[in-house]
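What follows is the residue order along each chain.
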Amino acid sequence: MSKSTTTLKQIAETAGVSITTVHRVMNGKEGCGEELRRRIMEIAKQQGYEANYVASSLRKKPVHIALIFPKGDADSHFYVQEILNGYFQEREEIEHYNIIFQEYYYSAYDMGSTAFLNFLNNIYQEKPFHYDGMVIYKEDLGEDRRYTALLNRILGKRIPVIVLEKCASETPYSCLVGPDEALAGKMAAEMMAKMVCQGGNIKVFGQELPFEDRNAAAFSEELKRRRSDLSCEVVALKLNEEQSERIQRELTGKNAFEGIYFTCARHTAAFLRTDLSCRQGIGAVIGSELFEESYQALQTDTLDAVIDKKPFSVGYKALNLLFNNIVKNEKMPVRQSIIPRIIIQSNSYVYYRRRKENYGGSKDFEYTIY
């Protein structure tokens, strides 16, 4: 059926429902069961109406989408930059529609800065208010009542807000998009349990957050379940401390340990900048994320494995969900988990090459965020 001639009446006849029901579904209104809604949307898509609906809805008025994201620094390419690359990939795919993007960047590691809060406030105070959706990322988005109050006010305007990565349970949002941190921790624990031969202590370098580090917690619990002869010591690193020096001190202490696990890319990179002679005699070292330095470390056996939480997918999926919600009236999940994967030396080249060729993994091709 031609995309240019498909009508609500034709969709209704195929679905065996009234035109009013189809109109209600296509405009995101209540009063229709989820199963029927999905069936009508699928029929509309098959008959080509979806494309017509998107184009016509965007001709009426432009859609405004805001992004609040940390500025780049020397370590951004390890993880945060890949989230932004994913966001911009989806942006390129939908920018031919009538969409106006506004990106705001704040200094992530200036702990006294109020830039993030100011951006939120300026967006809320803007008159007339014209934003249709927001994507925000702040690594320590915790229980600060100022953030909570502003986000609640923006959500009160019926504006969808997607939060990236992780946040406190009290943080209000429409959808949380991020890696399954608990699963990442369990996967690392399973690998560690199989790699380490003798009993002893495992040191975990986690993150000091205003809420539970689910990755480190899941690792400890899973390791205990699998290997009762292995104990777990968690070291929480602060966001703005000199992490290489701290890791070096921890690894050259008196206590011996059989394995190390780094729960995030920044800690992994910090470890790779230390005196790696401390790696000798340790049964297994597991890092996080695949980037140039971790790829090279896998080739030299400095790292035995990495848990890749696929940050590119986080940014891409977030904007995709927001676009589909605003323009196509598709319901967003409250939580969209990105499933991590295990990368070892033998399969690392496949993923690393794919990242460089398809996603701009080379620093020369990353999107500038300064």
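Higher on the page you've got the structure.
Visitor: Sorry if this is basic, but what is going on with empty space enclosed by the protein here?
Guide: Regions of empty space are outlined by a rolling probe, equal in size to a water molecule, passed over the atoms. Applying the stated criterion across every chain yields a total of three cavities of 30 Å³ or more. Considered as a void within the structure, the largest cavity measures approximately 180 Å³ in volume. Around the largest cavity, the lining is made up of 18 residues, and of these Tyr79, Glu139, Cys264, Ala265 and Arg266 lie nearest the centre. Residue composition of the lining of the largest cavity, by class: seven nonpolar, three polar and eight charged.

Visitor: What's the story with the sheet that holds strand 8 (residues 259-262) in this structure? I'm lost.
Guide: Whenever strands of a sheet pair, they do so through backbone hydrogen bonds, lying parallel or antiparallel. With respect to topology, six strands assemble into an open sheet ordered 7-6-8-9-10-12, the strand pairing being mixed. Strands at the two margins of the open sheet, each flanked by one partner only, are strand 7 (230-237) and strand 12 (341-343). Averaged over all adjacent pairs, the angle separating strand axes in this sheet is 20°, with direction ignored. In the sheet, strand 6 (residues 200-207) pairs with strand 8 via four bridges, with the strands oriented parallel. Within the sheet, the bridge partner assigned to Phe205 lies in strand 8 and is Phe262. Its contacts with the sheet place helix 10 (residues 243-251) against strand 6, strand 7 and strand 8, and it is angled at close to 155° to strand 7.

Visitor: Just to check I follow, could you spell out the packing of helix 5 (residues 80-94) against helix 13 (residues 311-328) for this structure?
Guide: A packed helix pair is summarised by two numbers, namely the angle formed by the two axes and the spacing between the axes. Across the interface, helix 5 lies against helix 13 with an axial gap of 6 Å and an inter-helix angle of 40°. In this view, helix 5 runs oblique relative to helix 13, as classed from their interaxial angle. Where helix 5 crosses over helix 13, the handedness of that crossing is right-handed. Between helix 5 and helix 13, the residues in contact are Glu82, Ile83, Asn85, Gly86, Tyr87, Gln89, Glu90, Arg91, Glu93 and Ile94 and Pro311, Phe312, Val314, Gly315, Tyr316, Leu319, Asn320 and Phe323, respectively. Within the contact of helix 5 with helix 13, the residues separate by chemical class into nine nonpolar, five polar and four charged.

Visitor: So what exactly am I meant to see when it comes to the packing of aromatic side chains here?
Guide: Each pair of aromatic rings is reported with the distance of its centres and the angle of its planes. Across all of its chains, the model carries 13 aromatic pairs by this definition. Taken together, a centroid distance of 4.6 Å and an interplanar angle of 50° make the contact between Phe78 and Phe291 tilted. Of this pair, Phe78 sits in the loop between strand 1 (63-70) and helix 5 while Phe291 sits in the loop between strand 9 (284-288) and helix 12 (292-299), and the two are 213 residues apart along the sequence. Phe78 sits in the buried class, given a relative accessible area of 3%. When its relative accessible area of 0% is taken as the criterion, Phe291 is described as buried. Seen from the ring of Phe116, Lys138 lies directly overhead, with NZ or CZ sitting 5.7 Å from the centre. A cation sits over an aromatic face here: Lys157 above Phe129, 4.9 Å from the ring centre.

Visitor: What am I meant to see in the environment of Tyr173 here?
Guide: Its location among the elements puts Tyr173 in the loop between strand 4 (161-164) and strand 5 (175-179). The class of Tyr173 is partly exposed, set by a relative accessible area of 26%. Here the alpha-carbon distance between Tyr173 and Val161, two residues 12 residues apart in the chain, equals 5.4 Å. The residues touching Tyr173, leaving out its near neighbours within four places in the chain, are Leu155, Val161, Val163, Cys167 and Val334.

Visitor: When you look at the pattern of salt bridges in this model, what are you seeing that I'm missing?
Guide: Where side chains of opposite charge bring their charged atoms close, a pairing between them can arise. Evaluation of the coordinates by the stated rule reveals 13 salt bridges. In this structure, Lys203 engages Glu250 in a salt bridge whose closest nitrogen and oxygen atoms are separated by 3.2 Å. One end of the pair, Lys203, is in strand 6; the other, Glu250, is in helix 10, and 47 residues separate them in sequence. Assigned by exposure class, Lys203 and Glu250 land together as buried. Where salt bridges share partners, they join Glu190, Lys194, Glu222, Arg225 and Arg226 into one cluster.

Visitor: Where do I start with the nonpolar core in this structure?
Guide: Nonpolar side chains in soluble globular proteins generally cluster together in the buried interior. Counting residues in hydrophobic clusters, the biggest one holds 33 residues, and the most contacted among them are Phe69, Ile162, Leu164 and Val177. When contributions to this core are tallied by element, the ones reaching two or more residues are strand 1, helix 5, strand 2 (99-106), strand 4, strand 5, helix 11 (265-272) and helix 13. Take this core: its biggest share by element is seven residues, from helix 13. Sequence-distant contacts of Val177, that is, excluding residues within four places in its chain, are made with Ile162, Val163, Leu164, Glu165, Val314, Lys317, Ala318, Leu321, Arg335 and Gln336. Ranked by size, the runner-up nonpolar core spans 23 residues in total, among them Ala108, Ile123, Leu151 and Val163.

Visitor: Where do I start with helix 1 (residues 8-15) in this structure?
Guide: Each turn of an α-helix holds 3.6 residues, which means side chains three or four residues apart point in the same direction. Every buried residue of helix 1 is accounted for by Leu8, Ile11, Ala12 and Ala15. Taken down its axis, helix 1 places every buried residue within 100° of arc, on the same side. Pointing more than 90 degrees away from the buried face of helix 1 are the exposed residues Lys9 and Glu13.

Visitor: Would you explain the packing of helix 1 against helix 2 (residues 19-26) in this entry?
Guide: Direction vectors running N to C along helix 1 and helix 2 enclose 110°, while the axes themselves pass 8 Å from each other. With respect to their mutual orientation, helix 1 and helix 2 come out roughly perpendicular. Within the contact between the two elements, helix 1 uses Leu8, Lys9, Ile11 and Ala12 and helix 2 uses Ile19, Val22, His23 and Met26. Partitioning the contact of helix 1 with helix 2 into residue classes produces six nonpolar, one polar and one charged.

About the thresholds
- Residues numbered from 1 in each chain as written.
- Predicted model: local features only at pLDDT ≥ 70, side-chain atom pairs only at ≥ 80, totals over all residues.
- Heavy atoms only, no water.
- 1 Å grid on protein atoms, 1.4 Å probe; cavity = no way out; pocket = protein on both sides within 12 Å on 5 of 7 lines; lining within 4 Å.
- Points joined across faces, edges and corners; volume = space filled by probe spheres on them.
- Nonpolar A, V, L, I, M, F, W, Y, C, P; charged D, E, K, R; others polar.
- Pairing = 2+ DSSP bridges.
- Helix = DSSP H or I, 4+ residues; strand = E, 2+ residues; numbered from the N terminus.
- Axes fitted to C-alpha atoms, helices over the stretch in contact; angles between N-to-C directions.
- Contact = heavy atoms within 4.5 Å.
- Parallel < 35°, antiparallel > 145°, perpendicular 65-115°, else oblique.
- Left-handed = near helix turned anticlockwise from the far one by under 90°.
- Phe/Tyr/Trp six-rings, centres within 6.5 Å; stacked < 30°, edge-to-face > 60°.
- Buried < 20%, exposed > 50% of the residue type's maximum accessible area, 1.4 Å probe, protein only.
- Lys NZ or Arg CZ within 6 Å of the ring centre and 35° of its normal.
- Salt bridge = Lys/Arg side-chain N within 4 Å of Asp/Glu carboxyl O.
- Core = buried A, V, L, I, M, F, W, Y, C linked by side-chain atoms within 4.5 Å.
- Arc of directions from axis to C-beta.

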